[in-house]
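Descriptive analysis of the structure
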Amino acid sequence: MSVHLSRIAFSTFRNISNNSFANSCLVDFLPVKQLYSHHKNDGFCFVRRVFSKNYTTDAIQPVLALENASIPMKKKTVHKKAVLADLTKKEGHYLTFAYATAYSYDLKGLKDALVQQKLYEPGKLKAHEVGDVVIANPVYTVGTEPREIIFFKEGAVVFWNCTELEASNVLDFVKRYEIESYPSDVIEREKEVMTYVYQPNAKTCHLHDSSFVLVPERDNSLEKYSFSHAMAQSARLGAMEARLEALAASVRQHTAIMERDGATHVDKKEVVRKLGELFSLRHRLNVESDLLDTPDFYWEEEELERLYSHTVAYFTIPRRTRVLNERLSHCVELLELLSSWAADRHHVRLEWMVIALILAEVCFELLHFFERYFMRQPTVDSS
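Description of the structure in this document. Because the structure is predicted, anything quoted here is derived from the model rather than measured.

1. Some points on a nonpolar patch on the surface
Together, Val348, Trp352, Ile355 and Leu359 make up a nonpolar patch on the protein surface, roughly 420 Å² of accessible area in all. Counting through the fold element by element, Val348 comes out in helix 9 (residues 317-373). Val348 gets classed as partly exposed once you look at its relative accessible area, which sits at 40%.

What follows is the structure, given as structure tokens:
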């Protein structure tokens, strides 16, 4: 009987040891590069793979959960802007500036003021009527190449063949017709600079080597408008990115306190105000702007849509918009956490106030009880 029991114990011990050895000692981790977008700079993640050898038929290999295997590591998307000093060195190239100065313009007042100033006259785009745009052509010409200024209602302006001095003067003039102006440092930092050139052998306008290629001796006004629209979109998106960076910096100190002390004291009104600014920025990005899709103007213009799409891709607008939305979501989550924290502190304060009131009421009741039963004078029998 004892021999039989010892055999059973030995078999059980052997199975347990084989299972533990196969499950715990034969795990290998190999990095696997998985790309999540078509761009070569997109991040990749590391996925854990499990290799095991069955040293015994009784060993059962567990399945490891890969909860975060499909989440890529996001890198900061930085749009590389052109340097004005490098562009001015190219021969035969003319400069193009794009500024985003405000949330929107009062185009009617701006157009009337330009006419009254008698320095610019309104222009047109062939036979097309493009809404929410004012095109200004200077009355006085300088050189053989004409100058042109395009104002977009969304608060952006694009200068073709204008000097920085002229652009600065126009920006000062347009301030009176801005709605929700941006800071001057943001306007200067987020401007876009490109060049354009007339190529003799070109049959169609296109984007080549960081320059707009135009067809000589032909009206390129619609093509200029398409290029300008894409540049204006990039400048507007840059202003939104700068706004989000400022909002994130304002709450960064709270995260540092949470990391160091494990708690932070915030004003609920301030948190709600920051949340409102983030929601407003998200609404403008996804609802009020056309950064997520192609504007209606290009639906019936295949060639112009191609130019616009290529220029938008050059400025990495789709990717920057996606990353900006993700950063907005992270900031909203952080502020909602701080708001919940502040609300909990307020609730705890109210609970302690209720407890204090209950204790005060109990004390008063005890005093009344003491007065009724212990401080009462004994009655004297008159008989």
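Picking up after the structure, the text goes on.
2. Notes on the packing of aromatic side chains
Scanning the entire structure with this criterion turns up 15 aromatic pairs. For the pair Tyr225 and Tyr298, a centre-to-centre distance of 6.4 Å together with 25° between the ring planes defines the contact as stacked. Here Tyr225 is found in helix 6 (residues 221-261), whereas its partner Tyr298 is found in the loop between helix 7 (268-288) and helix 8 (302-314), with 73 residues between them in sequence. By the burial criterion, Tyr225 is buried, and Tyr298 matches it. Ring centres 5.2 Å apart and planes at 80° place the aromatic pair Phe297 and Tyr298 in the edge-to-face group. Connected via pairs of aromatic rings, a cluster forms that spans Tyr94, Trp160, Tyr196, Tyr198, Phe212 and Phe227. Arg284 extends its terminal NZ or CZ atom over the ring of Tyr103, reaching a point 3.9 Å from the ring centre.

3. What about the environment of Arg218?
Looking at the secondary structure, you find Arg218 in the loop between strand 10 (211-214) and helix 6. For Arg218, a relative accessible area of 37% puts it in the partly exposed group. Residues in contact with Arg218, not counting those within four places in the same chain, are Lys203, Cys205 and Glu223.

Rules and cut-offs
Residues numbered from 1 in each chain as written. Predicted model: local features only at pLDDT ≥ 70, side-chain atom pairs only at ≥ 80, totals over all residues. Heavy atoms only, no water. Patch = residues over 30% accessible without salt bridge, like charges linked within 9 Å, V, L, I, M, F, W, Y side chains within 5 Å. Areas by Shrake-Rupley, 256 points an atom, 1.4 Å probe, with all protein chains shown as cover. Salt bridge = Lys/Arg side-chain N within 4 Å of Asp/Glu carboxyl O. Helix = DSSP H or I, 4+ residues; strand = E, 2+ residues; numbered from the N terminus. Buried < 20%, exposed > 50% of the residue type's maximum accessible area, 1.4 Å probe, protein only. Phe/Tyr/Trp six-rings, centres within 6.5 Å; stacked < 30°, edge-to-face > 60°. Lys NZ or Arg CZ within 6 Å of the ring centre and 35° of its normal. Contact = heavy atoms within 4.5 Å.

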